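# What the coordinates show
Single-letter residue listing:
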Amino acid sequence: MHTKTISQLSAALRSGEVSSVELTTLFLDRIKQHNPALNCFISITEAQALEAAAVADQRLTAGNGAPLTGVPIAHKDIFCTQGVKTTCGSRMLDNFIAPYESTCTARFRDAGAVMLGKTNMDEFAMGSSNETSYYGAVKNPWDQGRVPGGSSGGSVSAVAARLAPAATGTDTGGSIRQPAALCGLTGLKPTYGRVSRFGMIAFASSLDQAGPVTYSAEDAALMMNVMAGFDERDSTSVEREVPDYSANLDNGIEGLKIGLPKEYFGEGLDDSIARVIDAAVKEYEALGAVVKEISLPNTGLAVPIYYVVAPAECSTNLSRFDGVRFGHRCDDPQDLFDLYTRSRGEGFGAEVKRRIMIGTYVLSAGYYDAYYLKAQKIRRLISEDFRAAFEKVDVIMGPTTPSTAFKLGEKADDPVTMYLSDIYTIAVNMAGLPAASIPAGFVDGLPVGLQVIGNYFDESRLLNVAHKYQQATDWHLQLPKEFQ
Amino acid sequence: MEWEVVIGLEIHAQLATRSKIFSGASTAYGAEPNTQACAIDLGMPGVLPVLNKEAVRMAAKFGLAVGSRVSNRSVFARKNYFYPDLPKGYQISQFELPIVEGGQLEIQVEGEDARVIAITRAHLEEDAGKSLHEDFQGSTGVDLNRAGTPLLEIVSEPDMRSAKEAVAYMKKIHSLVQYLEICDGNMQEGSFRCDANVSIRPKGQGKLGTRSEIKNLNSFRFVERAINFEVERQIDMIEGGGKVVQETRLYDSDKDETRSMRSKEEAFDYRYFPDPDLLPVELDKAYIEAVRDTLPELPDEKKARFMAELGLAEYEAGVLTASRELADYFEEAAKIAGDDARRTANWVMGDLLGALNKAGKEIADSPVSAMWLGGMLQRINDHTISGKIAKQVFECMWNGEGDADSVIEAKGLRQMTDSGEIETIIDEIIASNPGQLEQYRAGKNKLFGFFVGQVMKATQGKANPAQVNQLLKQKLA
Amino acid sequence: MSVDQSDITKVALLARLKIDEADIPQYVDNLSNILGLVEQMSEVNTDDVVPMAHPLDAAQRLRADEVTETDQRDSFQALAPEVESGLYLVPKVIE
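Conventions used here
Residues numbered from 1 in each chain as written. Chains lettered and ligands numbered in written order. Predicted model: local features only at pLDDT ≥ 70, side-chain atom pairs only at ≥ 80, totals over all residues. Heavy atoms only, no water. Helix = DSSP H or I, 4+ residues; strand = E, 2+ residues; numbered from the N terminus. Rg over C-alpha atoms; globule rule 2.2 N^0.38 Å. Buried < 20%, exposed > 50% of the residue type's maximum accessible area, 1.4 Å probe, protein only. Contact = heavy atoms within 4.5 Å. Areas by Shrake-Rupley, 256 points an atom, 1.4 Å probe, with all protein chains shown as cover. Lys, Arg positive; Asp, Glu negative; His and termini not counted. Charge placed at Lys NZ, Arg CZ, Asp CG, Glu CD. Buried area = accessible area lost by both parts, 1.4 Å probe. Salt bridge = Lys/Arg side-chain N within 4 Å of Asp/Glu carboxyl O. Polar contact = N/O pair within 3.5 Å; in protein donor to acceptor, adjacent residues only side chain to side chain. Axes fitted to C-alpha atoms, helices over the stretch in contact; angles between N-to-C directions. Parallel < 35°, antiparallel > 145°, perpendicular 65-115°, else oblique. Left-handed = near helix turned anticlockwise from the far one by under 90°. Nonpolar A, V, L, I, M, F, W, Y, C, P; charged D, E, K, R; others polar. Phe/Tyr/Trp six-rings, centres within 6.5 Å; stacked < 30°, edge-to-face > 60°. Right-handed = clockwise from strand over helix to strand, strands pointing away. Pairing = 2+ DSSP bridges. Disulfide = S-S within 2.5 Å. Expected span 1.5 Å × (residues − 1).

When helices and strands are counted, chain A shows 15 helices and 11 strands. Scaling as 2.2 N^0.38, a compact globule of 484 residues should have a C-alpha radius of gyration of about 23 Å, and chain A matches this with 21 Å. For chain A, buried positions account for 69% of its 484 residues. Sequence separation of 24 or more characterises 76% of the internal contacts of chain A that already satisfy a separation of 6 or more. Here chain A displays about 13,900 Å² of accessible surface, and carbon together with sulfur accounts for 47% of that area. For chain A, the centre of its 44 positive side-chain charges and the centre of its 56 negative side-chain charges are spaced 2 Å apart.

It is worth spelling out the interface of chain B and chain C at this point. Counting residues at the interface gives 52 residues for chain B and 35 residues for chain C. Summing the contributions of chain B and of chain C, the shared interface buries around 3,900 Å²; its carbon and sulfur component is 59%. On the surface where chain B and chain C come into contact, there are 0 salt bridges. Here chain B is connected to chain C by 23 residue pairs in polar contact (both at pLDDT 80 or more).

The subject of this paragraph is the pattern of salt bridges. Residues and elements named next belong to chain B. Across all of its chains, the model carries 58 salt bridges over all chains by this definition. Close ionic contact of Asp41 with Lys20 constitutes a salt bridge, the shortest N to O distance being 3.2 Å. Note that Asp41 is positioned in the loop between strand 1 (3–14) and helix 1 (53–65) and Lys20 in the loop between strand 1 and helix 1, a separation of 21 residues in sequence. The residue Glu316 makes a salt bridge to Arg342 at a minimum N-O spacing of 3.2 Å. Of the two residues, Glu316 is situated in helix 6 (residues 314–320) and Arg342 in helix 8 (residues 341–359); the sequence distance between them amounts to 26 residues. By relative accessible area, which is 37% here, Arg342 ends up partly exposed.

This next bit is on the packing of helix 9 (residues 302–317) of chain A against helix 12 (residues 369–389) of chain A. All names here are of chain A. One can describe the packing of helix 9 onto helix 12 by two numbers: an axis separation of 9 Å at closest approach and a directional angle of 125°. Here helix 9 is positioned oblique relative to helix 12, judged by the angle of their axes. Of the two elements, helix 9 crosses helix 12, and the hand of that crossing is left-handed. Contacts between helix 9 and helix 12 involve Ala302, Ile305, Val308, Val309, Ala312 and Glu313 on the former and, on the latter, Tyr371, Tyr372, Ala375, Gln376, Ile378, Arg379 and Ile382. Among the residues forming the contact of helix 9 with helix 12, the class breakdown is 10 nonpolar, 1 polar and 2 charged.

Now for the interface of chain C and chain A. At the interface, 52 residues of chain C touch 69 residues of chain A. Across the chain C to chain A interface the summed buried area is about 5,200 Å²; carbon plus sulfur atoms make up 71%. Of all residues in chain C, C:Met41, C:Met52 and C:Arg61 bury the most surface against chain A, accounting for 14% of the area lost on that side. On inspection of chain C and its partner chain A, the count reaches 2 salt bridges. A:Arg329 is paired through a salt bridge with C:Glu82; the nearest N and O atoms lie 3.0 Å apart. Here chain C and chain A share 13 residue pairs in polar contact (both at pLDDT 80 or more) between them. When contributions to the side of chain C that touches chain A are tallied by element, the ones reaching two or more residues are helix 1 (5–14), helix 2 (24–38), helix 3 (73–77) and strand 2 (87–91) of chain C. With 9 residues, helix 2 of chain C is the largest single contributor of residues to the side of chain C that touches chain A.

This brings us to the packing of aromatic side chains. Overall, the coordinates contain 30 aromatic pairs over all chains when judged by the stated rule. Note on A:Tyr100 and A:Phe198: the rings are 6.5 Å apart at their centroids and 55° apart in plane angle, and the pair reads as tilted. Of the two residues, A:Tyr100 sits in the loop between strand 2 (72–76) and helix 4 (103–111) while A:Phe198 sits in the loop between strand 5 (186–189) and strand 6 (209–214), which places them 98 residues apart along the sequence. For the pair A:Tyr100 and A:Phe198, one class covers both residues: buried. With 5.8 Å between their ring centres and 50° between their planes, B:Trp347 and B:Phe394 make a pair best called tilted. Taken together, the positions of B:Trp347 in helix 8 and B:Phe394 in helix 10 (residues 387–398) put the pair 47 residues apart, joining distant regions of the chain. Neither residue differs from the other here; B:Trp347 and B:Phe394 are each classed as buried. Ring-pair connections join several aromatic residues into one group, and the members of that group are A:Phe96, A:Phe124, A:Phe321, A:Phe326 and A:Phe348.

This part is about the side chain of A:Thr404. All names here are of chain A. Along the chain, Thr404 turns up in the loop between strand 9 (395–399) and helix 13 (415–420). The exposure class assigned to Thr404 is buried, which follows from its relative accessible area of 15%. Ignoring anything within four residues of it in the chain, the contact list for Thr404 reads Leu182, Ile273, Val443, Leu446, Pro447 and Val448.

A separate point is the pairing of strand 2 of chain A. All names here are of chain A. Summarising burial for strand 2: 5 of the 5 residues are buried, a large majority. Residues Pro72, Ala74 and Lys76 point to one face of strand 2 and Ile73 and His75 to the other, with burial holding for every one of them. Following the backbone out of strand 2, through helix 4 and into the adjacent parallel strand 3 (residues 114–119), one traces a crossover that is right-handed.

If you trace the 3 strands from one edge of the open sheet to the other, you get 5-4-16 (chain B), paired in antiparallel fashion. Each of the sheet's edge strands pairs with one partner strand only, and the pair in question is strand 5 (90–94) and strand 16 (273–274) of chain B. Here 2 bridges tie strand 4 (residues 76–80) of chain B to strand 16 of chain B, and the two strands are oriented antiparallel to one another. Counted as the bridge partner of B:Arg78 is B:Phe273 from strand 16 of chain B. Along the sheet, helix 9 of chain A makes contact with strand 4, strand 5 and strand 16 of chain B, crossing strand 4 of chain B at roughly 65°.

Moving on to unusual backbone geometry. Geometrically, the link from A:Gly150 to A:Ser151 is a cis peptide bond, its omega value of 5° lying close to zero. Take A:Ser151: it is sitting in the loop between strand 3 and helix 5 (153–160). Residue A:Cys88 is not a glycine yet carries a positive backbone phi of 60°. One can find A:Cys88 in the loop between strand 2 and helix 4. Overall, A:Cys88 belongs to the buried group, its relative accessible area being 1%. Its identity as a non-glycine residue notwithstanding, B:Arg271 has a phi of 45°, on the positive side. By the element assignment, B:Arg271 lies in the loop between strand 15 (257–260) and strand 16.

Residues and elements named next belong to chain B. Scanning all chains against the criterion turns up 0 disulfides over all chains. Lacking any disulfide linkage, Cys183 is separated from the closest cysteine sulfur, that of Cys194, by 13 Å. With relative accessibility at 5%, the residue Cys183 sits in the buried group.

Residue and element names in this part refer to chain B. Looking at the secondary structure, you find Ala65 in helix 1. We classify Ala65 as buried; its relative accessible area is 16%. When the C-alpha positions of Ala65 and Tyr179 are compared, they lie 10.0 Å apart, and in sequence the two are 114 residues distant. Setting aside residues no more than four positions away along its own chain, Ala65 makes contact with Leu176, Leu180, Leu295 and Leu298.

So, about helix 12 of chain A. Across its 21 residues, helix 12 of chain A extends 29 Å between first and last C-alpha, which sits within 8% of the 30 Å expected from 1.5 Å per residue. Counting buried residues along helix 12 of chain A, 15 of its 21 residues qualify, which places the element largely inside the surrounding structure.

All names here are of chain A. Note that Ser43 resides in strand 1 (residues 41–44). Sequence spacing of Ser43 and Thr119 is 76 residues, and the spatial spacing of their C-alpha atoms is 7.0 Å. If we skip the residues at most four places from it in the chain, Ser43 touches Lys85, Gly117 and Lys118.

What follows is about the side chain of B:Arg121. Residue and element names in this part refer to chain B. Along the chain, Arg121 falls in strand 8 (residues 115–126). As a buried residue without a salt bridge, Arg121 has its nearest oppositely charged side chain in Glu101, at a separation of 6.4 Å. Engagement of the side chain of Arg121 in a polar contact is seen with the backbone oxygen of Gln94, the distance being 3.0 Å. Polar contacts involving the side chain of Arg121 include one to the main-chain carbonyl oxygen of Phe95, which spans 2.9 Å. Setting aside residues no more than four positions away along its own chain, Arg121 makes contact with Gln94, Phe95, Pro98, Val100, Glu101, Gly102, Glu153, Ile154 and Val155.

Take a look at the structure:
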């Protein structure tokens, strides 16, 4: 049962083949068994989960269940969940019991999905390896000596190890797609504004977007049907009709125009990964798609501007953590200044402090124009590159990451090398476009992800394109040995 | 050396919205600490600001009233600094693209020529909370009820040349925001306050001197005194061979002095940048015109109308339009009184304002309503009572004895208009004062007043003075 | 572009972060490297480019002026390190 997709679980729940309490218990048991090794969860909400499962069973029995009613899922610990500890992977919020619910998790709750727990993540979502978490590194189920990627590493590792059938993540520069690629899952970052950010602890407000982590595109569609939609409590949420993401999954893709940006296949990409991506593209051609080379000339600038824009936004987003109203406060503060500097110095880890420092620096007097303003201008150029490309093609494809999962500790001391591992994912956040990573093969037993980028609000097409590939291949059904 | 004083004001007007600028928490004053601070006002993790429509409309209304350009695109920015009353560690304000740019106002200091003061800009921002420094041993208490209250910061050019001008300008804005119904103007509660930028320069010099900024002045009197103190301090400083340093100062009303607010912290670096949680505010032409249509008659327009239509002198019109309440009171009273608006003006400016002033009351709390005063003036106009009796009627109304008609009735103050009755009294008085009659007829004309006085005395002031004059002239001839 | 120790001290002060003396050299290193990465931006001509602050070119939506929040002081202050009489307490601030 634990290897089933949520589409299958949904059917099993409706047919009465299994109850939500049984399913929930099954996954809770798997979490108890494997979490000590993988460290995917920060909080396991067993009591609430069983209670919610019982309620879901009543709903199912009464015949008024929604597709996700009774389906257990995990939430990244970046979403505020009322009455449940919400840490964002930080010591700063180790004692924070959220007094309100994020819109995203509330939608799942209302749909009857059962929350198993809150997943581990890079501290405040700042990281690409899940090594910056105050709660320790998360392991990759395919090779526990390697990172699962980040920042949604806990969610991805949990789903890859079948400790949860699906999970939520957030993506600021690749934090859903990169770990999904490194753990062999389907991850979708929707268009900016498609999913409400209310109650999702902000890293970089103009880039952050929540999305699903699942086995398959079909499951991602089910998750999106719940998550997506306008929220009046988020000014940047878009008031636009939400399609039924499951409706067009099976549409044919004959004639689909796929753009391959030449910049995504150059220096820095592992040859072995390039071969996997080539094979995936060939598969698409076999399905009737038409491939053409395109150019996104400013690709190389995406990482540099990201490390201006994201730190700038985060440096002030994180000012609210000051030890006054909630969160960590240092012992015995001597004065106000001491209270601020020690509470923040102790509450934040090294990577978060680094980014706050960078962000503060680039916004400070004398540097604003050269860094922040310049980055905002290049952001427009990057966005224009995509705009031009989408006049010629329907989707853009390429590798999600330049290499497979790296070893724990391998890049931890070298921020810049770590940052460059997000080279293919970051530009998408800058432009606000939707993109998915889908399993496309393996290199030395480690999963490789194919990134599919779509035009604004074209998630339906992305899922359709991913689904057709998953109908023709079985990469997404592969399981790490220990967790079969 | 003759010094010229240069003053610019940054006025903070709390906008009279029901809810906060970025949250649905109440803005009502005086609640228990932190009971009106919601998750957004507290800067809790993950919450987001959503802009209040009314705050935008009110800002636009102000802009249109002072002839500004209301921007079709304005942007909210974060102003970053740490302080306990600033929960997010940044204030959401407007920096590069404010909602209102340009504009001007005419001010008048009594006895001087009118002057035009230019307005640089007005922008929307959120207010901070309050720090309470007393009552907690070794600690400061923070109340965030005020955090997130919408503010319109109105920034003037450094166009004022004296403390008196600064006060006149502030009063003018104070009156205007109340006319526009965008601010309650309550200075005790902090709804209307200002920072004053003060510098001096040798008369005739073009370049501005170094300024100091006096923070948080919340009364007209303090504005005047703080500026005067600061000007003296700067003159003493320069004449004593020193230099004015650019700094923030605080006015201490108990000691009547300003002092430096220098902290051990670094020079401020606010790191303004566009708030990524808020999109640009876009107002189209149709919106701006629709707001323009809701503008009330503004003080200067009202003043001109009072002069042209009601025949008031400039001074009277100026006093009566200084606040919307007073102007409304006057207009209502004048309308009921029927004719002679100047008589109404005299009564409002003299007896009414005098009594209010003496009792320390505002026009809104006047025991004599506009309807009552107008009713009384109607009785003067229709000769039911004389102006002199009216003073007595007014006093009775002030004391709560009812409207003019009931007072007149109860006290029998109705004017005597029956000429036969008056003639009888005149005859009696003439008969009982033969000496005076003889002297009058012999040419001592001023004794006419004596007879009038006697008649008024005998009628307890109720005889119509004009009628008495006429009848006496006939009888004494 | 590289930063020196005094930049680190200044930035840490602005950001209200206590940084151990011993860690400063590492911050100098890290930040200089990151700024080195960022440096590529300067090669791009952006003279006529309008800065882009948001991924979507949309306008701010406005909220009706209604009081929708109720008093939740107790639940919020349960999270606070120090409160008294409904107030959040901080070490004495001298004005």
